[in-house]
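The residues making up each chain are set out below.
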Amino acid sequence: MKCIGLLGGMSWESTVSYYQALNRGVRARLGGLHSARVLINSVDFAEIERLQHAGDWPATARLLAAAARDLQAGGADFLLIGTNTMHKVAPEIEAAIDIPLLHIADATARRLQAGGIQRVGLLGTRFTMEQDFYKGRLQDQFGLTVLVPGEAQRERVHRIIYDELCLGEIRASSRVEYLAIIAELAEAGAQAVILGCTEIALLVGDAEAAVPLYDTTAIHAEAAVSLALA
């Protein structure tokens, strides 16, 4: 079994979900008392968040590249970045290490293609919804059409992530707002919606939504289990 390196802490709420999913996935495949071989380097998210909102992406890249090198030195065979947004600096992280990086958008796109989805909604931080590093990859490398909410809805989705979900606060009123935004994306033609922030699955699930939801944390972890056991 390969050792999974998880660059986590962004936020630690979703890193918990990653750890559970990785171990449950290995146990489902191998049975018994089997569990995943995982190294976690959990960064201080307050520093990352400050740099994000200041637009200092080069500084975040340097911090995460150093953390990734530590995982490699510790014996990780490949790397997961346990957050969608920080895949913005995935190229810089990849350049700093000699082990493979399993990209969250690639794993998600392959699952969408397998499900016959061509037109998909995207929820996430404002950075993920508005910048090209994520949408562009889905469109250019996988031929998907990506829809995002309107400006006011994007701001609300973003704020709920940082002010509530990253702090472990799950509010019924925010669930209602998210489900309404998902319904609007479905009305605009989305066949499914990507939960493109690793905390969103803490708030909403398939049973409540107007269209299928693709939980990037679960998808990323499942792809990692497959690679670890290959």
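The rules behind these values
Residues numbered from 1 in each chain as written. Predicted model: local features only at pLDDT ≥ 70, side-chain atom pairs only at ≥ 80, totals over all residues. Heavy atoms only, no water. Helix = DSSP H or I, 4+ residues; strand = E, 2+ residues; numbered from the N terminus. Disulfide = S-S within 2.5 Å. Buried < 20%, exposed > 50% of the residue type's maximum accessible area, 1.4 Å probe, protein only. Pairing = 2+ DSSP bridges. Axes fitted to C-alpha atoms, helices over the stretch in contact; angles between N-to-C directions. Phe/Tyr/Trp six-rings, centres within 6.5 Å; stacked < 30°, edge-to-face > 60°. Lys NZ or Arg CZ within 6 Å of the ring centre and 35° of its normal. Contact = heavy atoms within 4.5 Å. Parallel < 35°, antiparallel > 145°, perpendicular 65-115°, else oblique. Nonpolar A, V, L, I, M, F, W, Y, C, P; charged D, E, K, R; others polar. Lys, Arg positive; Asp, Glu negative; His and termini not counted. Salt bridge = Lys/Arg side-chain N within 4 Å of Asp/Glu carboxyl O. Polar contact = N/O pair within 3.5 Å; in protein donor to acceptor, adjacent residues only side chain to side chain.

Caption draft 1: Quick peek at unusual backbone geometry. In the segment running from M10 into S11, the intervening peptide bond is cis, with an omega of 0°. Relative to the helices and strands, S11 is located in the loop between β1 (4-8) and α1 (12-30).

Caption draft 2: Representation of the state of the cysteines within the structure. All told, the structure shown has 0 disulfides when counted by the stated rule. No disulfide involves C166; its nearest neighbouring cysteine sulfur is the one of C197, lying 5.9 Å away. For C166, a relative accessible area of 11% corresponds to the buried category. Classification of C197 by relative accessible area gives buried; the value is 6%.

Caption draft 3: Quick look at the sheet that holds β1. Read across the sheet, 3 strands follow the order β2-β1-β3 without closing on themselves; strand pairing throughout is parallel. The sheet terminates laterally at β2 (38-42) and β3 (78-81), the two strands that pair on one side only. On average, each strand axis in the sheet is tilted by 20° relative to the strand beside it, whichever way the strands run. Sheet analysis places β1 next to β3, joined by 4 bridges and oriented parallel.

Caption draft 4: View of the packing of aromatic side chains. For the structure on display, the rule yields 3 aromatic pairs. Seen in terms of ring centroids, F45 and Y162 are 6.1 Å apart; in terms of plane orientation they differ by 15°. Their pairing is stacked. Separated by 117 residues along the polypeptide, F45 in helix α2 (residues 45-54) and Y162 in helix α8 (residues 151-163) bring together distant segments of the chain. The class of F45 is buried, set by a relative accessible area of 16%. Looking at K88, its charged tip hangs above the ring of W57, at a distance of 5.3 Å from the centre. Above the plane of the ring of F127 lies R126, whose end atom (NZ or CZ) is 5.7 Å from the centre.

Caption draft 5: Seen up close, the pairing of strand β4 (residues 119-123). In terms of burial, β4 is a largely internal element, 4 of the 5 residues being buried. Sheet analysis places β4 next to strand β5 (residues 145-147), joined by 3 bridges and oriented parallel. Residue pairing in the sheet places V120 in a bridge with V146 of β5. Both β4 and strand β6 (residues 192-195) contribute to a ladder of 4 bridges, which runs parallel. Residue V120 lies in a different strand from β6, and its bridge partner there is A192.

Caption draft 6: Inspection of the sheet that holds β4 at higher detail. Taken in spatial order, the 4 strands of this open sheet run β5-β4-β6-β7, and their pairing is parallel. Looking along the sheet, the strands with just one partner apiece sit at the ends: β5 and β7 (213-215). Geometrically, the sheet is characterised by an average inter-axis angle of 30° between neighbouring strands, direction not taken into account. In the packing of helix α10 (residues 216-229) onto the sheet, contacts are made with β6 and β7, and the angle to β7 comes to roughly 50°.

Caption draft 7: Up close: the packing of α2 against helix α3 (residues 57-74). At a minimum axis distance of 8 Å, the contact between α2 and α3 shows a crossing angle of 155°. One finds that α2 runs roughly antiparallel with respect to α3. In this structure, α2 contributes E47, I48, L51 and Q52 to the contact, and α3 contributes W57, A59, T60, L63 and L64. The residue makeup of the contact of α2 with α3, split by class, is 6 nonpolar, 2 polar and 1 charged.

Caption draft 8: Seen up close, the side chain of K135. If you trace the backbone, K135 turns up in helix α7 (residues 132-142). One buried charged side chain, K135, makes no salt bridge at all; its nearest oppositely charged neighbour is D132, positioned 6.2 Å away. Side-chain polar atoms of K135 contact the backbone oxygen of M129, separated by 3.1 Å.

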